[in-house]
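# A look at the structure
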Amino acid sequence: MQEIEYLYSLIKDENSRKEYDFLTKQEIYAKSLPLKPEEAKTGIIKNYISKPSKEKRYQFEVAPNGENKKQIVVIPKRNYQYKTQLGVIAFLNEYEIVKNINGMEMHFVVTTNTRFDEIDMLLHESEIRTEEEREYIKLFYSQMSDIHLATCQRKFDGYIGTVEKNLNEPIFDMNDEDLATTKLIRQKEQDLER
């Protein structure tokens, strides 16, 4: 710890210090998430197929706890279907999320099963009436927070988990098979770029 503090004191540039602080926050935040990146083993995914998404584009104003309200744009990219080691067929969706962070327009390519159509309906078409709906939106806002998006981009290859309803109770879930599929997708993309 003393070595880290000493190295930190050597950083003279304020922008570098802010970047270092944000990276430190990401490391701490990553440890609080329910899934560790090293736990995902791509071998559990037997095969996957993908097709371009036909879902509509969404625009939301999000207000995560501790952040100012910000506009985000959610652009559907691809839908994936994969088979796990146990033969279970599962689905995963890829989106590009555009968000302004610290004055810079950031583009995050993410995977999730969050139902943006439900979020859109709750935020744009109806009043949030129940405590469950308020909690669902709160979990979504947390998922779209600067720290969550940046941490997941860096540590989880863009897998941001899923906000869903389980027996009408809103939950946030990070699934090791979805993470493994995301890692496999990213590996294949890198192989194609070479």
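None of the values given here were measured: they were computed from a predicted structure.

### Thoughts on helix α3 (residues 116–125)
- Along α3, the positions that sit buried rather than exposed are Phe 116, Ile 119, Asp 120 and Leu 122.
- Those residues of α3 that are buried lie in contact with β2 (58–62), β3 (70–84), β4 (89–101), β5 (104–112) and α4 (131–143).

### A look at the packing of α3 against α4
- Contact geometry for α3 and α4: axes closest at 11 Å, N-to-C directions at 120 degrees. Put simply, α3 runs oblique to α4. By crossing handedness, the relation of α3 to α4 is classed as left-handed. Note on element contacts: α4 touches α3 through Glu 133, Tyr 136, Ile 137, Phe 140 and Tyr 141, opposite Phe 116, Glu 118, Ile 119, Leu 122 and Leu 123.

### Quick word on the environment of Gln 81
- Secondary-structure assignment places Gln 81 in strand β3.
- Residues Gln 81 and Thr 181, 100 residues apart in the sequence, show an inter-C-alpha distance of 9.5 Å.
- Sequence-distant contacts of Gln 81, that is, excluding residues within four places in its chain, are made with Asn 47, Tyr 48, Ile 49, Ile 89, Ala 90 and Phe 91.

### Side note on the pattern of salt bridges
- Enumeration according to the criterion identifies 14 salt bridges in this entry.
- In this structure, Glu 27 engages Arg 154 in a salt bridge whose closest nitrogen and oxygen atoms are separated by 2.6 Å. Linking Glu 27 in helix α2 (residues 14–32) with Arg 154 in helix α5 (residues 146–155), this pair joins segments that are 127 residues apart in sequence.
- For Glu 27, a relative accessible area of 28% translates into the label partly exposed.

### Observations regarding the packing of aromatic side chains
- Counting across every chain of the model gives 7 aromatic pairs.
- With a centroid separation of 4.7 Å and 75 degrees between ring planes, the pair formed by Tyr 95 and Phe 116 is classed as edge-to-face. Taken together, the positions of Tyr 95 in strand β4 and Phe 116 in helix α3 put the pair 21 residues apart, joining distant regions of the chain.
- When its relative accessible area of 0% is taken as the criterion, Phe 116 is described as buried.
- Clustering of aromatic rings is evident, with ring pairs tying together Tyr 58, Phe 60, Tyr 95, Phe 116, Phe 140 and Tyr 141.
- It is Lys 165 that lies over the ring of Tyr 136; its NZ or CZ is 5.0 Å from the centre.

### Some remarks on α4
- With 13 residues, α4 should cover 18 Å at 1.5 Å per step; its first-to-last C-alpha distance of 18 Å lies within 8% of that length.
- Listed in full, the buried residues belonging to α4 are Glu 133, Tyr 136, Ile 137, Leu 139, Phe 140, Tyr 141 and Gln 143.

### Re the nonpolar core
- Counting 34 residues, the largest nonpolar core has Phe 60, Ile 72, Val 74, Ile 97, Phe 116, Phe 140 and Met 144 as its most contacted members.
- Counting only elements with at least two residues in this core, the list comes to β2, β3, β4, β5, α3, α4, α5 and α6 (176–193).
- Setting aside residues no more than four positions away along its own chain, Met 144 makes contact with Val 62, Pro 64, Ile 72, Ile 97, Lys 99, Phe 116, Leu 149 and Ile 160.

### Quick look at the pairing of β5
- As defined by bridge partners, β4 adjoins β5 across 9 bridges and the pair is classed as antiparallel. Bridge pairing in β5 places Asn 93 opposite Thr 112.
- Between the end of β4 and the start of β5, which pair antiparallel, lie 2 residues, with Asn 102 showing a positive phi angle near 50 degrees.

How each quantity is defined
- Per-chain numbering applies: the sequence of each chain, read as written, is numbered from 1 onward.
- Owing to the predicted nature of the model, reporting of local features is limited to residues with pLDDT of at least 70; listing and counting of side-chain atom pairs is limited to 80 or more, with chain, interface and lining totals taken over all residues.
- No hydrogens and no water enter the side-chain calculation; it runs on all heavy atoms of the structure.
- Throughout, exposure labels follow a simple rule: accessible area from a 1.4 Å probe, protein chains only, divided by the maximum for the residue type, with under 20% read as buried, over 50% as exposed, and the rest as partly exposed.
- Under the scheme used here, helices are H or I runs from DSSP no shorter than 4 residues and strands are E runs no shorter than 2 residues, and both carry numbers assigned from the N terminus.
- What makes two residues a contact is simply this: any of their non-hydrogen atoms within 4.5 Å.
- As a rule, the C-alpha atoms of each element are fitted with a line to give its axis, helices using only the stretch in contact, and angles between N-to-C directions run from 0 to 180 degrees.
- Convention used here: angles under 35 degrees read as roughly parallel, angles over 145 as roughly antiparallel, angles from 65 to 115 as roughly perpendicular, and any remaining angle as oblique.
- By definition, any crossing whose near helix is turned counterclockwise from its far helix by less than a right angle is left-handed, and any crossing with a clockwise turn is right-handed.
- Whenever a carboxyl oxygen of Asp or Glu lies within 4 Å of a side-chain nitrogen of Lys or Arg, that contact is scored as a salt bridge.
- For Phe, Tyr and Trp, where Trp contributes only its six-membered ring, two rings pair if their centres lie within 6.5 Å, and the inter-plane angle classes them as stacked under 30 degrees, edge-to-face over 60, or tilted in between.
- Charges are assigned to positions over rings by a cutoff of 6 Å between ring centre and Lys NZ or Arg CZ, combined with an angular limit of 35 degrees from the ring normal.
- The span you would expect from a helix comes to 1.5 Å times its residue count less one.
- By nonpolar core is meant a set of buried Ala, Val, Leu, Ile, Met, Phe, Trp, Tyr and Cys residues that side-chain atoms within 4.5 Å join together.
- If DSSP finds at least two bridges between two strands, the strands pair.

So, to be careful, I would describe these as geometric facts and stop short of saying anything about function.
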